[in-house]
Amino acid sequence: MRTYARNTLIALGAGLLAALASLSAVAAMGATVTKIDFEVSANGQADIEACIGEQVTFTDGQFNVVQRTFVSNEGGGLQYLFHRNVLAAVGYGDDTGMKYRATGHLQEIYNEGVTGGWTYTFTLLLNVFAQSGPGQFTAHATVHVTVLPSGEEVAIVELFDIHCR
């Protein structure tokens with residue numbers, strides 16, 4: 001098992017910004033579902049290569065992207081959800097030609113109370129594994145923050161890890 005800096009895992013989620021930029025505005029009080037091409041950031045690619053021993057070029061796959069904004073009728077609280085999951089992502093090792101599959105998801109949830117205060121939760125999971133034989137990469141990240149109406153941060157959780165098998 002190798003452990004990498006959290007900046008690397010944050011970079012894996014950096015595609016979120018690209019995804020948001022490429023999507024239409026979120027429909028108020030509803031959800032939008034969009035599909036975009038599957039991509040792995042340069043930092044993510046470097047970590048995958050360090051883990052499984054070769055560069056993987058992804059040729060197929062998409063992200064299924066769901067965005068939802070909800071405002072409560074009973075007090076005006078707000079929730080924003082962004083979720084993307086990997087669909088049918090396939091890549092091939094540049095050295096061996098071995099077939100790899102990718103699975104995973106990224107999710108962000110923001111909740112704001114009517115009296116102030118808010119919570120934010122970010123989760124990321126990315127698995128890249130060889131069709132046969134050794135070669136598996138798993139990245140996991142969780143960040144959670146809770147802020148009271150007074151502005152006091154009462155909970156901050158950060159978990160980041162990468163495993164190679």
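Preceding this section is the structure that the text describes.
For every chain, the first residue of the written sequence is number 1, and numbering continues from 1 along that sequence. Totals for whole chains, interfaces and linings use every residue, but because this is a predicted model, local features are given only for residues with pLDDT of at least 70 and side-chain atom pairs only at 80 or more, for both listing and counting. The side-chain values count all of the structure's non-hydrogen atoms but skip hydrogen atoms and water molecules.

Draft legend 1. Spatial organisation of the environment of Tyr110. The secondary structure listing takes helices from DSSP runs of H or I that are at least 4 residues long and strands from runs of E that are at least 2 residues long, numbered from the N terminus. Relative to the helices and strands, Tyr110 resides in strand β4 (residues 99-112). Sequence spacing of Tyr110 and Leu78 is 32 residues, and the spatial spacing of their C-alpha atoms is 8.0 Å. Here, residues are in contact when the closest pair of their heavy atoms is within 4.5 Å. Apart from residues no more than four positions distant in its own chain, Tyr110 is found in contact with Leu78, Gln79, Tyr80, Trp118 and Thr119. Two N or O atoms form a polar contact when they lie within 3.5 Å of each other; inside protein one atom must be a possible hydrogen donor and the other a possible acceptor, and for residues adjacent in sequence the pair counts only when both atoms belong to side chains. Here Glu112 takes part through its side chain, which lies 2.5 Å from a polar atom of the side chain of Tyr110.

Draft legend 2. Summary view of the nonpolar core. With 28 residues, the main nonpolar core has Phe38, Ile48, Ile52, Phe58, Ala102, Val128 and Phe137 as its most contacted residues. Residue assignment for this core shows that the elements contributing at least two residues are α3 (42-52), β2 (56-71), β3 (78-93), β4, β5 (118-130), β6 (136-147) and β7 (153-164). Here this core gets 5 residues from one element, more than from any other, and that element is β5. Those residues in contact with Phe58 that sit more than four places away from it in its chain are Phe38, Val40, Gln45, Val90, Gly91, Ala102 and Val128. We define a nonpolar core as any set of buried Ala, Val, Leu, Ile, Met, Phe, Trp, Tyr and Cys residues linked to one another through side-chain atoms lying within 4.5 Å. Summary of the burial criterion: residues with accessible area below 20% of their type's maximum are buried, those above 50% are exposed, and those between are partly exposed, where the area comes from a 1.4 Å probe applied to protein chains only.

Draft legend 3. Representation of unusual backbone geometry in the model. Although it is not a glycine, Ala88 adopts a positive phi angle of roughly 50 degrees. With respect to the helices and strands, the residue Ala88 is situated in strand β3.

Draft legend 4. Examining the state of the cysteines more closely. Count a disulfide wherever a pair of cysteine sulfur atoms falls within 2.5 Å. Counted according to the given criterion, the structure contains 1 disulfide. Disulfide pairing is shown between Cys51 and Cys164; the S-S distance is 2.1 Å. Measuring handedness by torsion sign, the sulfur bridge of Cys51 and Cys164 sits at about -140 degrees and is left-handed. One end of the pair, Cys51, is in helix α3; the other, Cys164, is in strand β7, and 113 residues separate them in sequence. The same class applies to Cys51 as to Cys164, namely buried.

Draft legend 5. Layout of the environment of Lys35. Here Lys35 shows up in strand β1 (residues 31-37). Here Lys35 is in contact with Gln62, Phe63, Asn64 and Leu87, once residues within four sequence places are set aside. Here Asn64 takes part through its side chain, which lies 2.9 Å from a polar atom of the side chain of Lys35.

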